[in-house]
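So you can see what is in the structure, the chains are spelled out below.
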Amino acid sequence: MGAEPCESFPLIKNILLLDSEGQRVAVKYYSDDWSTLNAKLAFEKSVFAKTQKTSARTEAEITMFDDYVVVYKFVQDLHFFVTGGSEENELILSSVLQGFCDAVGLLLRNSVDKRTALENLDLILLCIDEIVDGGIILETDGSAIAGKVASNGIDGGASLSEQTISQALATAREHLARSLLK
Amino acid sequence: MAQPLVKKDDDRDDEADYSPFLGIEKGAVLQEARVFNDPQLDPRRCSQVITKLLYLLNQGETFTKVEATEVFFAVTKLFQSKDTGLRRMVYLMIKELSPSADEVIIVTSSLMKDMNSKTDMYRANAIRVLCRITDGTLLTQIERYLKQAIVDKNPVVASAALVSGVHILQTNPEIVKRWSNEVQEAVQSRAALVQFHALALLHQIRQNDRLAVSKLVTSLTRGTVRSPLAQCLLIRYTSQVIRESSQNPQTGDRPFYDYLEACLRHKAEMVIFEAARAITELSGVTSRELTPAITVLQLFLSSSKPVLRFAAVRTLNKVAMTHPLAVTNCNIDMESLISDQNRSIATLAITTLLKTGNESSVDRLMKQITNFMSDIADEFKIVVVEAIRSLCLKFPLKYRSLMNFLSNILREEGGFEYKKAIVDSIVILIRDIPDAKESGLFHLCEFIEDCEFTYLSTQILHFLGNEGPKTSDPSKYIRYIYNRVILENPTVRASAVSTLAKFGALVDALKRVD
C-alpha cells in the first residue's frame, strides 16, 4: 500500500508565461495530456483563475488541482508557471521555475514586464528551449540558461564567469535594439 | 489642427495594450517569409519574421499543410546564412513545424554538417533537432556521431545527445542500447548535469534488468554524485532496488536504508525532501525507520517557503493515513498552518490533524475548523468534510460535536457537490453510529426545509422513508415530510408522498393521519 513509486526521471508537463490577464506571452507543452488547443486554453484559464488572487512575488507559490502540481511566481505583469504530475518532487519543479525566472531576468536586463518580453520574444522562446527538452530538464541554473541563449558560443567549462555574462548580455542588447515593428 | 478624438484614458490604455505584434496577421507574415528566398539574406530581418511566425503558432494559430510545407522549405534556405543568431531561430522553427519524413530529408545534410561543426552551440542544437525529427533509418546513419557526442568534452553537447537518447529509446530502443558503453562513461563525467542525464538514460536502458540496476545503485551510492538532480534520481532508483530485494534476515535492516538516511543531511533541499519522501514510501516501513524522515519534514513545516511547507505537509498527510502516531509530534506545527495564506497548505494541515488527533483534541480542532471553513473554496471544504466523517467513525463517542458541526455548515452557503458531501457524511454516520441516528435524521429534516437542490431533497426523503419508520417515534418526522408535499416542486412533492406512504405502510400507529 502507499503512493505509486516514482521511478522515472522528473518530467515537466508544461511551462507557461502569461500576462496579468491570463493571456499567453509564451507557452510550451511537453505532454499529451492537453492534446487540443482548447484543452490547453482551458488549463491556462483554470490555473490563472486559481492563482490570480494569491501573492506570489517574494516567494514561489504552489497549488494543486486535478492531477497536477503547479509552482508559480509573479514578476511585474508577468505570471510564470511550471507544471508537473501530482507525484512529482515539488522542489524540483520549483528549481525549474527559479531557473526560468532568473534567466528571463538576466535576458531582459531586469525589465521583466510583458512589453519587454514581447519585444524580445525570440530570447524568451530560446530560453524556454534551453530549460526543458521534451519534458526532460536540461538546466536549472538561471545564468547558465541565459548564457546558452545569449552567447553564440558555449564555454567548455561548467559555469559562466562574470566576463562571459557581460559578453552574452551585449549580444542580448543587440537583440533588444532591434525593433519588431514594421 | 483637429482635436484628437481619443480621450486621455484611451491613450493610457493603448500604452498598456501595446504589443510589437499588434495587428499581426498570418497571411501577411507568410508573405513576409518570402525574404527567406532572397539571394542576399538579411539575418536580422529573417530572425524577425521567424519570431513572428513562432508568435502566431504560440498564440494558437495553425498552418495548413500547404502553408507549413512552404514555410518549411523557405526556412531551409536559411542554412546558407552563417549568422549564428539566425541559425538558433531556424532550429526552433524546424522543431515547431514538425516536418514529415520526406521534408526532413531536405535538411538532413545541413543538420548533419552542423552536428560536426566546430561551434559547440551548433553541435548541441543540431543533435536535438535531428533526433526530434528523424526516424529509425536516419538514426542508424548518425549513430556514430551521437555516440561521440555523448562523451564530448562540451557538457552541453553531451547532455543534448543523452537527452535525445532518452527520447529515442521510446521508439527505437535497440539503437540506444548499443550506446551503453558511452553512456556508462558519461555517468562518470565530472560535469554535473551530464552525469544526471547519463544516469537517467542508463537506468532507462537497464530498467528491466534488476541486477544491473542494483549494481548501478551500489556503485553510485559509494561514488561521487555531482548534482542534486542526479542525487534525486539515485534515491528513486535506490527505492526501486529496496522494493525488489528482500530484507537482510540477520540484521533486519533494509539494504541502502543508511544511504537514504544520509541523504536527509544533504545540503540541497530537493535531495532532503526526495529522501524523506522515499523513506515514508518504503513498504512496511517501521516507526524507527520513519522517525528521521519525519523530523526533517517537521522542520520544513515552518519554512518561509510555501513550496517546502506544501511538500512537507502533503507527505505527512499521506503518512498519517497509515502511521498516525508517527506524525503526532508535528501536531503543534500543523496547527499553526491552519492559518497559512496558502489554502492548499491549510487544508492539508487540517485534514492531517483530523487523522492524527486524539479524542480529547477533537473539540478544540472543531473550533479551529469552524473559523477556517468560511475562508476556503468548496473543493477544499469537501476534503475537510470527508476527513471529519472518518474522524467521527474513529471516535463514535464524539458524534455530538461532529454532527453539530456538519449540520451547521449544511445551513451555510455552498454549492451542490459540497452540500452533497455533507449529506452523504451525515447519512453514513446515521448508518454506522446508532446513537447518532435521531439527531442525524433531525438535522436532515431541518435541511430539507430550505434546500435548493431537488436531487438532495429527494435523496433525503427517500432515506427518511427507510430509516424513519425504524426509529422510536416516527411521528416526529411526519410534519417535515408533509410540508414538503405542500411547499415544493413536483419532483420533491412526489418523493415526499412516497415517503409518507412508506411511513404509513410500516408504522401501524400512523395509519390514520389527521
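Owing to the predicted nature of the structure, the values given are computational and were not obtained by experimental measurement.

Procedures and definitions
Residues numbered from 1 in each chain as written. Chains lettered and ligands numbered in written order. Predicted model: local features only at pLDDT ≥ 70, side-chain atom pairs only at ≥ 80, totals over all residues. Heavy atoms only, no water. Buried < 20%, exposed > 50% of the residue type's maximum accessible area, 1.4 Å probe, protein only. Helix = DSSP H or I, 4+ residues; strand = E, 2+ residues; numbered from the N terminus. Pairing = 2+ DSSP bridges. Core = buried A, V, L, I, M, F, W, Y, C linked by side-chain atoms within 4.5 Å. Contact = heavy atoms within 4.5 Å. pLDDT = per-residue confidence, 0-100. UniProt positions renumbered as here; feature names shortened; annotations may be inferred. Axes fitted to C-alpha atoms, helices over the stretch in contact; angles between N-to-C directions. Phe/Tyr/Trp six-rings, centres within 6.5 Å; stacked < 30°, edge-to-face > 60°. 1 Å grid on protein atoms, 1.4 Å probe; cavity = no way out; pocket = protein on both sides within 12 Å on 5 of 7 lines; lining within 4 Å. Points joined across faces, edges and corners; volume = space filled by probe spheres on them. Nonpolar A, V, L, I, M, F, W, Y, C, P; charged D, E, K, R; others polar. Parallel < 35°, antiparallel > 145°, perpendicular 65-115°, else oblique. Left-handed = near helix turned anticlockwise from the far one by under 90°. Salt bridge = Lys/Arg side-chain N within 4 Å of Asp/Glu carboxyl O. Patch = residues over 30% accessible without salt bridge, like charges linked within 9 Å, V, L, I, M, F, W, Y side chains within 5 Å. Areas by Shrake-Rupley, 256 points an atom, 1.4 Å probe, with all protein chains shown as cover.

Lay out the pairing of strand 3 (residues 61-65) of chain A in plain terms, naming residues and giving numbers.
Residue and element names in this part refer to chain A. Strand 3 sits mainly inside the fold: four of its five residues count as buried. As paired strands, strand 3 and strand 4 (residues 68-75) are joined by five bridges and run antiparallel to one another. If you follow Ile62 over to strand 4, its bridge partner there is Val71. If you look at the hairpin formed by strand 3 and strand 4, you'll find two residues sitting between the two strands, and Asp66 has a positive phi there, around 50 degrees.

Let's hear about the nonpolar core: which residues, and what values?
Most often, soluble globular proteins have nonpolar side chains that are buried together. Core analysis: the biggest nonpolar cluster contains 230 residues, and Phe36, Leu354 and Met373 of chain B have the highest contact counts within it. Within the second largest apolar cluster, 15 residues are counted, among which are Phe43, Phe65, Val70 and Phe74 of chain A.

I'd love a proper account of the side chain of Thr499 of chain B, names of residues and values included.
All names here are of chain B. Topologically, Thr499 is positioned in helix 29 (residues 490-506). For Thr499, a relative accessible area of 1% corresponds to the buried category. Dropping the residues within four chain positions of it, Thr499 is found in contact with Leu461, His462, Leu464, Gly465 and Ile481.

Outline the confidence of the model for chain A, supporting the account with residue identities and numerical values.
All names here are of chain A. Confidence along chain A averages 85 in pLDDT terms, with 79% of residues attaining 70 or more. A low-confidence stretch, residues 1-6 (pLDDT under 50), is modelled with six contacts involving residues beyond four sequence positions or located in other chains. Overall, residues 152-163 carries pLDDT values under 50, and its contacts beyond four positions in sequence, including any with other chains, amount to 20 contacts.

Which residues make up the UniProt feature "domain: AP complex mu/sigma subunit" (unreviewed entry) in chain A, and what values go with them?
Feature annotation in UniProt places "domain: AP complex mu/sigma subunit" (unreviewed entry) on residues 12-150 of chain A, given in this structure's numbering. Annotated as residues 12-150 of chain A, this span is 42% helix and 27% strand, and its ends, taken at the C-alpha atoms, are 24 Å apart.

Kindly report on the environment of Leu353 of chain B, identifying the contributing residues and their values.
Residues and elements named next belong to chain B. Along the chain, Leu353 falls in helix 21 (residues 343-356). In this structure Leu353 comes out as buried when scored by relative accessible area, which is 2%. Expressed as a C-alpha distance, the spacing of Leu353 and Pro155, which sit 198 residues apart in the sequence, is 48 Å. Setting aside residues up to four positions removed in sequence, Leu353 forms contacts with Asn331, Met334, Glu335, Ile338 and Leu365.

Tell me about the sheet that holds strand 4 of chain A, and name the residues and values.
All names here are of chain A. In space, the five strands of this open sheet follow the order 2-1-5-4-3, with antiparallel pairing throughout. At either margin of the open sheet sits one strand with a lone partner, and together these are strand 2 (24-29) and strand 3. Averaged over all neighbouring strand pairs, the angle between strand axes comes to 20 degrees, with direction disregarded.

Pulling in residues and values, what's your account of the packing of aromatic side chains?
Residues and elements named next belong to chain A. As enumerated under the stated definition, the model contains 14 aromatic pairs over all chains in all. With 5.7 Å between their ring centres and 25 degrees between their planes, Phe43 and Phe65 make a pair best called stacked. Taken together, the residues span a long stretch of sequence, with Phe43 in helix 1 (residues 37-51) and Phe65 in strand 3 at a distance of 22 residues. Of the two residues examined, Phe43 and Phe65, each falls in the buried class.

So what's going on with the pairing of strand 2 of chain A? Which residues, and what values?
Residue and element names in this part refer to chain A. Of all six residues making up strand 2, five are buried, and the element is well covered by its neighbours. Examined bridge by bridge, strand 1 (residues 14-19) and strand 2 share five bridges and lie antiparallel to one another. In the strand pairing of strand 2, Asn14 is matched with Tyr29. If you look at the hairpin formed by strand 1 and strand 2, you'll find four residues sitting between the two strands, and Gly22 has a positive phi there, around 85 degrees.

Lay out the layout of surface pockets in plain terms, naming residues and giving numbers.
When its volume is computed, the largest pocket comes out at roughly 1,300 Å³. Lining the largest pocket we find 42 residues, and of these Lys28 and Tyr29 of chain A together with Lys95, Glu96 and Ser98 of chain B sit closest to its centre. Only strand 2, helix 1, helix 4 (121-131) and strand 6 (132-133) of chain A together with helix 3 (43-58), helix 5 (84-97), helix 7 (120-133) and helix 9 (155-171) of chain B provide two or more residues apiece to the lining of the largest pocket. Each residue belonging to the lining of the largest pocket can be placed in one class, and the counts come to 17 nonpolar, 13 polar and twelve charged.

Now, about the packing of helix 7 of chain B against helix 8 (residues 136-150) of chain B: what can you tell me, with residues and values included?
Residues and elements named next belong to chain B. Across the interface, helix 7 lies against helix 8 with an axial gap of 11 Å and an inter-helix angle of 150 degrees. Classified by the interaxial angle, the pair formed by helix 7 and helix 8 is roughly antiparallel. Where helix 7 crosses over helix 8, the two elements pack in a sense that is left-handed. Counted together, Ile127, Leu130 and Cys131 of helix 7 and Leu138, Ile142, Leu146 and Ala149 of helix 8 form the full contact between these two elements. Taken together, the residues of the contact of helix 7 with helix 8 sort by class into seven nonpolar, no polar and no charged.

Could you give me a rundown of helix 4 of chain A, with the residues and numbers involved?
Taking burial as the measure, the eleven residues of helix 4 of chain A include eleven buried ones, the bulk of the element. Residues of helix 4 of chain A that are buried: Leu121, Asp122, Leu123, Ile124, Leu125, Leu126, Cys127, Ile128, Asp129, Glu130 and Ile131 of chain A.

An account of the pattern of salt bridges is needed here, citing residue identities and associated values.
Summed over the entire model, instances satisfying the criterion amount to 41 salt bridges over all chains. Across the salt bridge formed by Arg24 of chain A and Glu44 of chain A, the nearest N and O atoms sit 2.8 Å from each other. Pair noted here: Arg24 of chain A is in strand 2 and Glu44 of chain A is in helix 1, with a separation of 20 residues, a long-range link. For the pair Arg24 of chain A and Glu44 of chain A, one class covers both residues: buried. Measuring nitrogen to oxygen at the nearest pair gives 2.9 Å for the salt bridge that ties Arg484 of chain B to Glu488 of chain B. On the basis of relative accessibility, which here comes to 3%, the residue Arg484 of chain B falls in the buried class.

So what's going on with the packing of helix 24 (residues 399-411) of chain B against helix 25 (residues 416-432) of chain B? Which residues, and what values?
Residue and element names in this part refer to chain B. Contact geometry of helix 24 with helix 25 gives a least axis separation of 10 Å together with a crossing angle of 155 degrees. The orientation of helix 24 relative to helix 25 falls into the category roughly antiparallel. As for the relative orientation of helix 24 and helix 25, their crossing is left-handed in sense. Two secondary-structure elements touch here, helix 24 through Met403, Leu406, Ile409 and Leu410 and helix 25 through Tyr418, Lys419, Ile422, Val423, Ser425, Ile426 and Leu429.

Can you lay out a nonpolar patch on the surface for me, pointing to particular residues and giving the numbers?
Taken together, the side chains of Tyr482, Ile486 and Leu487 of chain B present a nonpolar region at the surface, about 340 Å² in accessible area. Along the chain, Ile486 of chain B falls in helix 28 (residues 475-487).

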